[in-house]
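What follows is the residue order along each chain.
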Amino acid sequence: MSKTIALSGTKKGVISVSKIDEPYGKDSHSIASIGISLVGNAEEPEWKVHLPMDNLDAVIEALQALKS
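Predicted model only: the values in this text are computed from it and were never measured.

(A) Structural detail: the sheet that holds strand E4 (residues 47-52). Pairing within the open sheet is antiparallel, and its four strands lie in the order E1-E2-E3-E4. Where the open sheet ends on each side, the last strands, each with one partner, are strand E1 (2-6) and E4. Taken over all neighbouring pairs, the strand axes of this sheet differ in orientation by 15° on average, direction set aside. Alignment of strand E3 (residues 31-37) against E4, held across six bridges, turns out to be antiparallel. The residue of E4 that forms the bridge with Gly 35 is Lys 48.

Quick look at the structure:
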């Protein structure tokens with residue numbers, strides 16, 4: 001699964017969200033990868049974060065709370 005979202009407040013910026021299986025070699029756990037590119041290059045973002053899948057629910061909850 002992979003999705004690219006336009007980055008608000010920029011002309012070409014994007015947020016890329018994807019699931020990466022075995023990111024750190026054989027038998028490593030899957031992660032969610034979130035990248036930000038100001039120049040629109042979703043394949044090579046300037047910033048990125050890797051979240052273990054086990055932490056996704058808590059991170060989503062925290063992000064939802066920010067909207068309140």
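(B) Highlighting the side chain of Ser 28. Tracing the backbone through its elements, the reader meets Ser 28 in the loop between strand E2 (14-20) and E3. Judged by its relative accessible area of 18%, Ser 28 falls in the buried class. A distance of 3.0 Å separates a polar atom in the side chain of Ser 28 from the backbone nitrogen of Tyr 24. Those residues within four positions of Ser 28 in sequence are excluded, and the remaining contacts are Glu 22 and Pro 23.

(C) Examining the environment of Gly 13 more closely. If you trace the backbone, Gly 13 turns up in the loop between E1 and E2. A sequence separation of 47 residues divides Gly 13 from Ile 60, and the C-alpha atoms of the two residues are 22 Å apart. Residues within four places of Gly 13 in sequence aside, it is in contact with Ile 5, Ala 6, Leu 7, Ser 37, Leu 38 and Gly 40.

About the criteria used
Residues numbered from 1 in each chain as written. Predicted model: local features only at pLDDT ≥ 70, side-chain atom pairs only at ≥ 80, totals over all residues. Heavy atoms only, no water. Pairing = 2+ DSSP bridges. Helix = DSSP H or I, 4+ residues; strand = E, 2+ residues; numbered from the N terminus. Axes fitted to C-alpha atoms, helices over the stretch in contact; angles between N-to-C directions. Buried < 20%, exposed > 50% of the residue type's maximum accessible area, 1.4 Å probe, protein only. Polar contact = N/O pair within 3.5 Å; in protein donor to acceptor, adjacent residues only side chain to side chain. Contact = heavy atoms within 4.5 Å.

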